[in-house]
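Single-letter residue listing:
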Amino acid sequence: MGHSVRVISLVGAAHFMSHIYQLALPPLFYLLIQDLDVSYTALGLLVSVFSIAAVLGQVPMGFVVDRIGGGKVLIGGLVVQGAAIAAVAATTSYWSLLLVIAVAGLAHSVYHPADYAILSRAVPEGRLGRAYTLHSFSGHMGTAAAPALMVGLAAFWDWRGAFLLIGLAGVAVALVLIPFAGMLRGGEGLSAHTAANPRKAASGTGLRAGAALLLTAPILLCFLFFVILNTAFVGVRVFAPSALVEIYALPLATANGALTGFLIGAAVGTLAGGVLADRIGARGLTAAIGLIGAGALLIALGQVSLPVVAVVTLLTLTGMLRGIVQGTRDLMVYAATPAGAHGKVFAFVSTGGHVGTATMPLVFGWILDAGEPQLVFLIAGILALAALATFATVRRRVAG
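Residues numbered from 1 in each chain as written. Predicted model: local features only at pLDDT ≥ 70, side-chain atom pairs only at ≥ 80, totals over all residues. Heavy atoms only, no water.

### Considerations on the packing of helix α6 (residues 111-122) against helix α7 (residues 128-156)
And step 1. At a closest axis distance of 10 Å, the pairing of α6 and α7 adopts a crossing angle of 150°. When the axes of α6 and α7 are compared, the pair comes out roughly antiparallel. In this structure, α6 meets α7 at a crossing whose hand is right-handed. Contacts between α6 and α7 involve H112, D115, Y116, L119 and S120 on the former and, on the latter, L128, A131, Y132, H135 and S136.
And step 2. Its residues assigned to classes, the contact of α6 with α7 shows five nonpolar, four polar and one charged. (Axes fitted to C-alpha atoms, helices over the stretch in contact; angles between N-to-C directions. Helix = DSSP H or I, 4+ residues; strand = E, 2+ residues; numbered from the N terminus. Parallel < 35°, antiparallel > 145°, perpendicular 65-115°, else oblique. Left-handed = near helix turned anticlockwise from the far one by under 90°. Contact = heavy atoms within 4.5 Å. Nonpolar A, V, L, I, M, F, W, Y, C, P; charged D, E, K, R; others polar.)

### Some words on the confidence of the model for the protein chain
And step 1. In the predicted model, the protein chain carries a mean pLDDT of 85, and the fraction of residues at 70 or more is 92%.
And step 2. Between residues 188-204, whose pLDDT stays under 50, and residues either more than four places distant or in other chains, the model counts 27 contacts. (pLDDT = per-residue confidence, 0-100.)

### Digging into the side chain of T231
And step 1. Tracing the backbone shows T231 in helix α12 (residues 217-248).
And step 2. Residues contacting T231, with those up to four places away along its chain left out, are G356, M360, F364 and L383.

### Concerning helix α5 (residues 94-108)
And step 1. Relative to the 21 Å expected for 15 residues at 1.5 Å per residue, α5 spans 21 Å between its end C-alpha atoms, a close match to the ideal helical length.
And step 2. Every buried residue of α5 is listed here: Y94, L97, L98, V100, I101, A104, G105, A107 and H108.
And step 3. Buried positions along α5 lie against α1 (3-22), α2 (29-36), α3 (40-68), α4 (70-87) and α6. (Expected span 1.5 Å × (residues − 1). Buried < 20%, exposed > 50% of the residue type's maximum accessible area, 1.4 Å probe, protein only.)

### Side note on the side chain of H15
And step 1. Position of H15 relative to the elements: it lies in helix α1.
And step 2. Within the structure, the side chain of H15 is placed 3.5 Å from the backbone nitrogen of G139, a separation counted as a polar contact.
And step 3. In this structure, H15 is in contact with H112, D115, H135, S136, S138 and G139, ignoring residues within four places of it in sequence. (Polar contact = N/O pair within 3.5 Å; in protein donor to acceptor, adjacent residues only side chain to side chain.)

### Considerations on the pattern of salt bridges
And step 1. Enumeration according to the criterion identifies three salt bridges in this entry.
And step 2. Salt-bridge contacts for R130 lead to D278; the nearest nitrogen and oxygen are separated by 2.6 Å. Separated by 148 residues along the polypeptide, R130 in helix α7 and D278 in helix α13 (residues 252-280) bring together distant segments of the chain.
And step 3. Judged by its relative accessible area of 37%, R130 falls in the partly exposed class.
And step 4. For R329, the salt bridge identified is with D330, shortest N-O distance 2.9 Å. Like D330, R329 is buried. (Salt bridge = Lys/Arg side-chain N within 4 Å of Asp/Glu carboxyl O.)

### Brief notes about the environment of P60
And step 1. Inspection of the secondary structure assignment puts P60 in helix α3.
And step 2. When the C-alpha positions of P60 and L43 are compared, they lie 27 Å apart, and in sequence the two are 17 residues distant.

### Notes on the packing of helix α14 (residues 284-303) against helix α15 (residues 308-336)
And step 1. Between α14 and α15, whose axes approach to 8 Å, the crossing angle comes to 155°. Considering the angle they form, α14 stands roughly antiparallel to α15. As α14 runs across α15, the sense of the crossing is left-handed. Residue-level contacts link T286, A287, I289, G290, L291, G293, A294, L297, L298 and L301 of α14 to V311, L314, L315, L317, T318, L321, R322, I324, V325 and T328 of α15.
And step 2. Along the lines of polarity and charge, the residues of the contact of α14 with α15 split into 14 nonpolar, five polar and one charged.

In structure tokens:
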């Protein structure tokens, strides 16, 4: 097995666990309510605290990655998060549960800066598109596995046992990674790319220089691209089933099946997009095909009367088109980043994605409450087109 393949596999295993942890709580909400005598609002606060802690820690962790290396941070973060998830089994009150979830969320902040720094250093540039998208795909698989895994473990034991076992599984994965710590380097030292570009490398070192780098036009535009892209598609992921029920009077199971099609399409498109990105680079044509196609299909879903088969098919195609943009998106960030600064830059722009994810559900929820479900797809489609304009601006800045 080649060096790059081993690195991608090791990083992907950690990323898979991180996405299971991100979705470990919601599948067991019903059991937690019965045992802890809390409300759904209180449980929703747990999810918010996890996300807020992850966002607050992400950029500082990016600076740490660039200082001491991605491997150490990744392994340490996985140990802490796995231990925190396992500790959920020992909580005796809501407030102790809130505390360990906050720790788990803070530990979650390590993955994007560490993973992208490791991959950017260890994988040849000609294979980075596939490396980035395989990394994303491992996360998709973790998200898909989490509900069935947590419910299955809870049925086998109980909800406390489910958290204990899945938390210890993460610690076990971290222990497997330790012998390969030397291979999982990323962020520290100088790579061949850095040595060939000493001026560019120097611009990303030091706390003050690093902060200044994040405020340069290309990086801010990448951040904005992440914000708009996630803003567009979070409405689909969260509210598509409800909107489809309102628009087309579909059974809830069918509407959720359409969402499943979107998610599967996104995973398949992500893999295809990585191959495409490696072959042709971070081309505007790839982004145009993906975002214009996805935007047009979303607008059609909300504005045109369609049969059920067409609804499911179009939403699946939308997911595929969204997925093919993934590799191109990540290569564009790589191209805009000085060597040795990938941890902080990927941490920063990924935070932009969290901003979009955190803000727009409230807007889309208000739209549904107002009785305008068509606007969910219309606004998502328009935002997808707006993201393309941002991408084109980033490309011009990077090329210049």
